[in-house]
Amino acid sequence: MIDFSNGSVFKLQAADVSPIWDQITPLLVEGEAGIAGFKGIRDWVVMTNKRIIALNVQGITGKKRDFTSLPYSKIQAFSVETAGTLDLDSELELWFSGLGKVRLEFKGKVDIKTIGQTIASFVL
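Scoring rules and cut-offs
- Residues numbered from 1 in each chain as written.
- Predicted model: local features only at pLDDT ≥ 70, side-chain atom pairs only at ≥ 80, totals over all residues.
- Heavy atoms only, no water.
- Pairing = 2+ DSSP bridges.
- Helix = DSSP H or I, 4+ residues; strand = E, 2+ residues; numbered from the N terminus.
- Buried < 20%, exposed > 50% of the residue type's maximum accessible area, 1.4 Å probe, protein only.
- Polar contact = N/O pair within 3.5 Å; in protein donor to acceptor, adjacent residues only side chain to side chain.
- Core = buried A, V, L, I, M, F, W, Y, C linked by side-chain atoms within 4.5 Å.

Draft legend 1. Summary view of the pairing of strand β5 (residues 64-71). Direction of pairing for strand β4 (residues 51-58) relative to β5: antiparallel, over a ladder of 8 bridges. Across the sheet, the residue bridging to I53 is S69, located in β5.

Structure follows, in C-alpha coordinates:
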(Lines give C-alpha, C1' and ligand atoms only; values in the text may rest on other atoms or scores of the structure.)
Protein backbone atom coordinates (compact mmCIF):
# COMPACT_ATOMS: atom_id res chain seq x y z
CA MET A 1 0.00 0.00 0.00
CA ILE A 2 1.10 3.55 -0.71
CA ASP A 3 2.32 5.70 2.19
CA PHE A 4 0.05 8.70 1.60
CA SER A 5 1.28 10.58 4.66
CA ASN A 6 4.57 11.28 2.88
CA GLY A 7 3.74 14.31 0.71
CA SER A 8 6.78 13.77 -1.50
CA VAL A 9 5.23 10.53 -2.79
CA PHE A 10 2.75 12.50 -4.86
CA LYS A 11 3.84 15.88 -6.26
CA LEU A 12 1.07 16.03 -8.80
CA GLN A 13 0.14 18.21 -11.73
CA ALA A 14 -2.99 18.13 -13.87
CA ALA A 15 -2.65 15.65 -16.73
CA ASP A 16 -4.56 13.85 -19.45
CA VAL A 17 -5.17 10.28 -18.27
CA SER A 18 -5.39 8.74 -21.74
CA PRO A 19 -1.94 7.05 -21.40
CA ILE A 20 -3.20 4.98 -18.44
CA TRP A 21 -6.97 4.91 -19.04
CA ASP A 22 -6.89 1.34 -20.39
CA GLN A 23 -5.41 0.26 -17.02
CA ILE A 24 -8.03 2.16 -15.00
CA THR A 25 -11.21 1.15 -16.86
CA PRO A 26 -11.18 -2.52 -15.72
CA LEU A 27 -11.37 -1.22 -12.12
CA LEU A 28 -14.45 0.96 -12.69
CA VAL A 29 -17.94 -0.09 -11.64
CA GLU A 30 -21.12 0.53 -13.60
CA GLY A 31 -21.91 4.24 -13.77
CA GLU A 32 -18.41 5.30 -12.70
CA ALA A 33 -16.61 7.86 -14.85
CA GLY A 34 -13.32 9.72 -14.67
CA ILE A 35 -13.51 13.44 -13.86
CA ALA A 36 -9.89 14.53 -13.35
CA GLY A 37 -6.36 13.18 -13.62
CA PHE A 38 -3.05 14.14 -12.07
CA LYS A 39 0.46 12.84 -12.70
CA GLY A 40 3.58 12.69 -10.60
CA ILE A 41 6.95 11.56 -11.95
CA ARG A 42 5.74 7.98 -12.49
CA ASP A 43 2.58 7.84 -10.39
CA TRP A 44 -0.99 8.91 -11.15
CA VAL A 45 -4.10 9.95 -9.26
CA VAL A 46 -7.46 9.69 -11.02
CA MET A 47 -10.62 11.18 -9.55
CA THR A 48 -13.86 9.52 -10.58
CA ASN A 49 -17.42 10.31 -9.58
CA LYS A 50 -17.18 7.60 -6.88
CA ARG A 51 -13.58 7.53 -5.60
CA ILE A 52 -9.96 8.47 -5.97
CA ILE A 53 -7.72 5.86 -7.60
CA ALA A 54 -4.01 6.15 -6.91
CA LEU A 55 -1.70 4.34 -9.31
CA ASN A 56 1.77 3.70 -7.92
CA VAL A 57 4.24 2.54 -10.59
CA GLN A 58 6.83 0.25 -8.98
CA GLY A 59 10.11 -1.37 -9.88
CA ILE A 60 12.87 -0.43 -12.29
CA THR A 61 10.89 -1.34 -15.39
CA GLY A 62 7.62 0.15 -14.11
CA LYS A 63 5.66 -2.97 -15.03
CA LYS A 64 4.52 -3.63 -11.46
CA ARG A 65 1.61 -1.39 -10.49
CA ASP A 66 -0.28 -0.80 -7.25
CA PHE A 67 -3.85 0.53 -7.54
CA THR A 68 -5.32 1.97 -4.35
CA SER A 69 -9.02 2.80 -4.24
CA LEU A 70 -10.12 5.59 -1.90
CA PRO A 71 -13.94 5.83 -1.89
CA TYR A 72 -15.49 9.23 -1.19
CA SER A 73 -18.01 7.49 1.08
CA LYS A 74 -15.22 6.78 3.60
CA ILE A 75 -13.99 10.40 3.87
CA GLN A 76 -14.66 11.81 7.34
CA ALA A 77 -13.00 15.21 6.85
CA PHE A 78 -10.82 17.03 4.34
CA SER A 79 -8.62 20.11 4.13
CA VAL A 80 -7.57 22.24 1.17
CA GLU A 81 -4.45 24.43 1.31
CA THR A 82 -4.00 26.90 -1.53
CA ALA A 83 -0.67 27.94 -3.03
CA GLY A 84 0.97 31.11 -1.76
CA THR A 85 3.38 33.69 -3.10
CA LEU A 86 6.54 31.78 -2.19
CA ASP A 87 5.08 28.32 -1.64
CA LEU A 88 3.59 27.48 -5.04
CA ASP A 89 2.36 24.03 -4.04
CA SER A 90 -1.20 23.35 -2.91
CA GLU A 91 -2.32 20.43 -0.79
CA LEU A 92 -5.34 18.23 -0.25
CA GLU A 93 -5.60 16.26 2.99
CA LEU A 94 -8.31 13.66 3.39
CA TRP A 95 -9.14 11.66 6.52
CA PHE A 96 -10.53 8.21 5.73
CA SER A 97 -12.34 5.89 8.10
CA GLY A 98 -10.08 2.91 8.78
CA LEU A 99 -7.10 4.35 6.88
CA GLY A 100 -6.26 7.70 8.42
CA LYS A 101 -4.86 10.74 6.67
CA VAL A 102 -4.09 10.83 2.96
CA ARG A 103 -2.06 13.81 1.75
CA LEU A 104 -1.77 14.81 -1.90
CA GLU A 105 0.50 17.67 -2.92
CA PHE A 106 -0.08 19.52 -6.18
CA LYS A 107 2.48 21.62 -8.00
CA GLY A 108 1.94 24.22 -10.66
CA LYS A 109 -1.38 25.63 -11.72
CA VAL A 110 -3.82 23.16 -10.24
CA ASP A 111 -7.22 24.58 -9.27
CA ILE A 112 -7.26 23.24 -5.71
CA LYS A 113 -10.46 25.11 -4.85
CA THR A 114 -12.34 23.25 -7.60
CA ILE A 115 -10.86 19.97 -6.36
CA GLY A 116 -12.07 20.80 -2.85
CA GLN A 117 -15.51 21.68 -4.22
CA THR A 118 -15.62 18.38 -6.12
CA ILE A 119 -14.70 16.43 -2.98
CA ALA A 120 -17.36 18.35 -1.01
CA SER A 121 -20.03 17.53 -3.59
CA PHE A 122 -19.42 13.81 -3.10
CA VAL A 123 -18.86 13.84 0.68
CA LEU A 124 -21.44 16.28 2.03
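On we go from here.
Draft legend 2. Highlighting the side chain of R103. Take R103: it is sitting in strand β8 (residues 100-106). A relative accessible area of 18% means that R103 is categorised as buried. Within the local environment of R103, its side chain forms a polar contact with the side chain of E91, the two groups lying 2.9 Å apart. A polar contact is formed between the side chain of R103 and the side chain of E105, at a distance of 3.3 Å.

Draft legend 3. Examining the nonpolar core more closely. In this structure, I52, L92, L94, F106, I115 and I119 are the most contacted members of the largest nonpolar core, which totals 19 residues. For this core, the secondary-structure elements that each account for two or more residues are β3 (44-48), β4, β7 (90-96), β8 and α2 (112-123). Counting 9 residues, the second-largest nonpolar core is a separate cluster that includes I24, W44, L55 and V57.

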